[in-house]
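Descriptive structure summary
In case you want the letters, here they are:
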Amino acid sequence: MLENDIPIRTGRAHLRHELPSVLEDAENRLSDRLRGLLARLRAHWEMLEAHIKDISTELEVVAKTRDDCRRLLTIPGIGPLAATAIVSAVGNGSQFSRGRQMAAWLGFVPRQHSTGGVPKLLGISKHGNNYLRRLLIHGARSVYMHMNRERFALGRWIDELQIRAHRNVVVVALANKIARSCWAILTSGSVYRANSA
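Anyway, here's the lowdown on the structure attached to this text. (Residues numbered from 1 in each chain as written. Predicted model: local features only at pLDDT ≥ 70, side-chain atom pairs only at ≥ 80, totals over all residues. Heavy atoms only, no water.)

So, about the overall build of the protein. A tally of helices and strands in the protein yields eight helices and two strands. The order of α-helices and β-strands along the protein, N terminus first, is α-α-α-α-α-β-β-α-α-α. Viewed in the frame of its principal axes, the protein has a C-alpha envelope of about 70 × 50 × 35 Å. Counting over 197 residues, the protein shows a buried share of 31%. Within the protein, contacts between residues at least 6 apart in sequence are counted, and of these 50% link residues at least 24 apart. When the accessible surface of the protein is totalled, it reaches about 12,800 Å², and 53% of it is carbon and sulfur. (Helix = DSSP H or I, 4+ residues; strand = E, 2+ residues; numbered from the N terminus. Buried < 20%, exposed > 50% of the residue type's maximum accessible area, 1.4 Å probe, protein only. Contact = heavy atoms within 4.5 Å. Areas by Shrake-Rupley, 256 points an atom, 1.4 Å probe, with all protein chains shown as cover.)

So, on to helix 1 (residues 12-24). The end-to-end C-alpha distance of helix 1 is 19 Å, a good match for the 18 Å that 13 residues give at a rise of 1.5 Å each. Along helix 1, the sharpest change in direction is near 35° and occurs at Glu18; proline Pro20 comes one to four residues later. All of the buried residues in helix 1 are Leu19, Val22 and Leu23. The elements touched by buried residues of helix 1 are helix 2 (32-65). (Expected span 1.5 Å × (residues − 1). Bend = angle between axes of the 7 residues up to and from the residue.)

Moving on, we come to the packing of helix 1 against helix 2. The interhelical angle for the contact between helix 1 and helix 2, taken along N-to-C directions, is 140°, at an axis separation of 11 Å. Judged on the interaxial angle alone, helix 2 and helix 1 are oblique. In the crossing of helix 1 with helix 2, the sense of the turn from one axis to the other is left-handed. Within the contact between the two elements, helix 1 uses Arg12, Leu15, Arg16, Leu19, Pro20, Val22 and Leu23 and helix 2 uses Arg35, Leu38, Ala39, Arg42, Trp45 and Glu49. (Axes fitted to C-alpha atoms, helices over the stretch in contact; angles between N-to-C directions. Parallel < 35°, antiparallel > 145°, perpendicular 65-115°, else oblique. Left-handed = near helix turned anticlockwise from the far one by under 90°.)

Moving on: a positive patch on the surface. On the surface, Arg98, Arg100, Lys177 and Arg180 cluster together into a patch of positive charge. As for its placement among the helices and strands, Arg180 is situated in helix 8 (residues 167-188). (Patch = residues over 30% accessible without salt bridge, like charges linked within 9 Å, V, L, I, M, F, W, Y side chains within 5 Å. Salt bridge = Lys/Arg side-chain N within 4 Å of Asp/Glu carboxyl O. Lys, Arg positive; Asp, Glu negative; His and termini not counted. Charge placed at Lys NZ, Arg CZ, Asp CG, Glu CD.)

If you trace the backbone, Thr84 turns up in helix 4 (residues 80-90). The exposure class of Thr84 is buried, given its relative accessible area of 12%. A polar contact of 3.1 Å, which involves the side chain of Thr84, links it to the backbone oxygen of Leu81. (Polar contact = N/O pair within 3.5 Å; in protein donor to acceptor, adjacent residues only side chain to side chain.)

For the rest of this paragraph, the subject is the nonpolar core. If you look at the biggest cluster of nonpolar residues, it comprises 38 residues, and the most contacted ones within it are Leu72, Ile78, Ile86, Phe108 and Leu136. The biggest single contributor to this core is helix 8, with 11 residues. Among the nonpolar cores identified, the runner-up in size contains six residues, and Ile6, Val22, Leu23 and Leu38 belong to it. (Core = buried A, V, L, I, M, F, W, Y, C linked by side-chain atoms within 4.5 Å.)

Enumeration according to the criterion identifies six salt bridges in this entry. Glu49 is the salt-bridge partner of Arg12, the closest N and O atoms lying 3.4 Å from each other. Residue Arg12 is located in helix 1, and its partner Glu49 is located in helix 2; the two are separated by 37 residues in the primary sequence. In this structure Arg12 comes out as exposed when scored by relative accessible area, which is 53%. Because the salt bridges share partners, they merge into one network encompassing Arg12, Arg16 and Glu49.

Applying the stated criterion across every chain yields a total of one aromatic pair. Each ring, one from Phe96 and one from Trp105, has its centre 5.6 Å from the other, and the planes form 50°; the classification is tilted. Residue class for Phe96 comes out buried when judged on its relative accessible area of 10%. Geometry around Trp157 places Lys177 over its ring, the cationic atom sitting 4.6 Å from the centre. (Phe/Tyr/Trp six-rings, centres within 6.5 Å; stacked < 30°, edge-to-face > 60°. Lys NZ or Arg CZ within 6 Å of the ring centre and 35° of its normal.)

Each disulfide is one covalent bond, formed between the sulfur atoms of two cysteines. Applying the stated criterion across every chain yields a total of zero disulfides. Not part of a disulfide, Cys69 finds its nearest cysteine sulfur in Cys182, a span of 11 Å. According to the relative accessible area criterion, Cys182 is buried, its value standing at 0%. (Disulfide = S-S within 2.5 Å.)

Quick look at the structure:
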């Protein structure tokens, strides 16, 4: 479309808003073949969006009906997608003897490099389930940005860690904490209770 002097701002929302008027405008330089191709791509895009909406609704229903998923939903940063993914990946978490093992399985532990007997800790290892790790990091980023930090002890922990570390390090540490909380909720059969500040 840029080759035909039809600029559209970057982003899905802008394309969705502008594309109908571009397709209806007979004065622009689009050929009939390109106009038909864009119409088919738009129809395919709308079909994919409808499928995504249906699957998201189905996942929300599963998350609300399964007891283990409902308990995971009480943890800050865990939504229906993450809850169902965690339950499908680890079940009740009994294969791990503690939450730290589950966090290590997800790759939330530092890599080590040692030379001359001097160990050096690097970034997270990123071993394990990449998809779950990404979901937990996105959930932790949401908690980091939107949590009322004055009300909860977790907010105070985030503020104290933020003084010493970069924002991304804080988010990954929070994701590690969320992963450990998930293991505790799954193995104990209880729900998450936030400690007030």
